[in-house]
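Chains, contacts and geometry: an overview
The chain contents come next:
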Amino acid sequence: MRTFAVALKYPIGNDARKVFRMVHTTGPGPSFVKSDDGVPVFTVGAGGNYDGPTRREKDSLGEMDIPANAYWGIHTARALQNFPITRRALSNYPDLIVALARVKQAAALANKEIGVLAPEKADLIVEVCNEIIGGMLHEEFVLGVLQGGAGTSTNMSTNEIIANRCLEKMGHNKGEYQYLHPIDDVNRSQSTNDTYPTSIKLAMVFGIQRLLKEHLRLANSFESKGAEFANIVKVGRTQMQDAVPMTLGQEFNGFSTTLREDQDRLSEIIPWLCETNMGATAIGTGITADPGYAAAVNRHLGAVTGLPIETAADLIEATSDAGIFMTVSGQLKRAAVKLSKICNDLRLLSSGPQAGFNEINLPPMQAGSSIMPGKVNPVIPEVVNQVAFSIIGADATVTAAAEAGQLQLNAFEPVIASSILQSLAWMTNACRTLRVNCIDGITANEDRLAAMVASSVGVITALIPVIGYQQAAELAKQALKTGAPIRELVVGAGLMTESDVDAALSPAKLSGAEQ
């Protein structure tokens, strides 16, 4: 089993090259355990104990030894002890790390502007935040994504990582907080209760923006197939029974249209996520923050993100309300469910190849059976289905967590954040693999489709305006009994000529392009 490992070698000075080992998401998590003589020993995972150099840090609960080269500190160490739950570290959510850095950056700029933070400290914090935004130090975010405390551990860990990188750049040792403090300086004018929800909202915006790009590419791919299949007539179906003719192009254009509707719904969410409670501090009263801080921090946050950031009208309400997260999750579930339905259709339309619909061919991606030679399964639509199932489950989690908030705060935003950010990432990946590995390579079985149209009783519906419903019903019954094609029966009864039947059943007529 792979272990959840934390790198203990870091770039020095201004060298921002990525020399970290990746943080794995399976296996035993990092923890602190006490040796026989009561000394805390850092365990990197199943591979053994850390016995390198340490530094001693202190908080209100006491003192702990921290690996000397770690940028995080004692608050992170306690959280590692307390929350060995998911084995999935914050470093697996880069959008959240970037969002946290953006918030800390905007706070430093605002604090500098209103005169409550020394300019040289503010500038250094901004510089370090830019390093994090650029990808540096992400592996330092070792905490599990699920944690008690409404995100306090994540906020405190972020403060420590930024502070210790600042100290390093100042020429001091990590942990020498008398020169630049994680809380007094990095967390100035802030509380977890405004920085954390704001950060997860920003992370969701980043995730939605990325999803929208892939989602649109997928919609365009379906549209391209719609144009390619525009003149291929097929039998439509309702309730799994033969219905009336349509074109295969119309079917694929329908897939494209329904995806574009979700593009609009997901896009609408972004401005709502840009309303923040920054400046609310603990419960919305703004305690410990300068009266000018809220306006300043949101202005700077808008500037550094390029987003239309606004301060919530009621900071107390905004600090306790999780309604926006239900909206995001609900719209994401809607998009996932609709995409899953499309994948169900693709699996049906490609079923066979001998005893199924066999109307379209999906690209063969891998052998489908360890016992049945030659079998190829619709693995790409199947994995997208499973992503949708996961998103449906995540939405239930978000709903329960939003409901569980009490009084002035919802303590369960970590599980809301992890659920939605995971869903956004998986949905984005699902759209990409469905487009690249499936939709772009779909072909039509034109002979099969033409044969089914020719033998379908449903095509007679298109002839009702000429021969009437009663006559059409009698011919349909006769066709089902004898197996004779509708075209042959209509012409044989002298109701229409061959050319008239062909014109009535042309792709242009059936698709509505020609009235």
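Conventions and cut-offs
- Residues numbered from 1 in each chain as written.
- Predicted model: local features only at pLDDT ≥ 70, side-chain atom pairs only at ≥ 80, totals over all residues.
- Heavy atoms only, no water.
- Helix = DSSP H or I, 4+ residues; strand = E, 2+ residues; numbered from the N terminus.
- Buried < 20%, exposed > 50% of the residue type's maximum accessible area, 1.4 Å probe, protein only.
- Contact = heavy atoms within 4.5 Å.
- Pairing = 2+ DSSP bridges.
- Core = buried A, V, L, I, M, F, W, Y, C linked by side-chain atoms within 4.5 Å.
- Phe/Tyr/Trp six-rings, centres within 6.5 Å; stacked < 30°, edge-to-face > 60°.
- pLDDT = per-residue confidence, 0-100.

1. Concerning the overall build of the protein chain
Looking only at helices and strands, one finds 18 helices and 11 strands in the protein chain. Each of the 515 residues in the protein chain was classed as buried or not, and the buried ones make up 52%. Once local pairs closer than 6 in sequence are excluded, the contacts in the protein chain between residues at least 24 apart make up 69%.

2. So, the pairing of strand β7 (residues 241-247)
Bridge count between strand β6 (residues 233-238) and β7: five bridges; the pairing is antiparallel. Following the sheet pairing, Lys-234 is matched in β7 by Met-246.

3. Quick word on the nonpolar core
Grouped together as the largest cluster of nonpolar side chains are 135 residues, with contacts concentrated most on Phe-252, Phe-325, Leu-346, Leu-434, Ile-442 and Leu-463. Other than its neighbours up to four places away in sequence, Phe-325 contacts Pro-197, Ile-200, Lys-201, Met-204, Val-398, Glu-413, Ile-416 and Ile-420.

4. Details of the packing of aromatic side chains
Per the counting criterion, the structure on display carries four aromatic pairs. The interplanar angle of 45° and the centroid separation of 6.1 Å between the aromatic rings of Phe-222 and Phe-252 together place this pair among those described as tilted. Placement of the pair is Phe-222 in helix α6 (residues 192-228) and Phe-252 in helix α7 (residues 248-273), with a sequence separation of 30 residues. The exposure classification of Phe-222 matches that of Phe-252, with both residues buried.

5. Quick word on the confidence of the model for the protein chain
When pLDDT is averaged across the protein chain, the result is 87; 89% of the residues are at 70 or more. Here residues 1-29 scores under 50 on pLDDT; set against residues more than four positions off or in separate chains, the count is 82 contacts. Contacts for the low-pLDDT stretch residues 44-48, under 50 throughout, to residues beyond four places or in other chains number 11 contacts.

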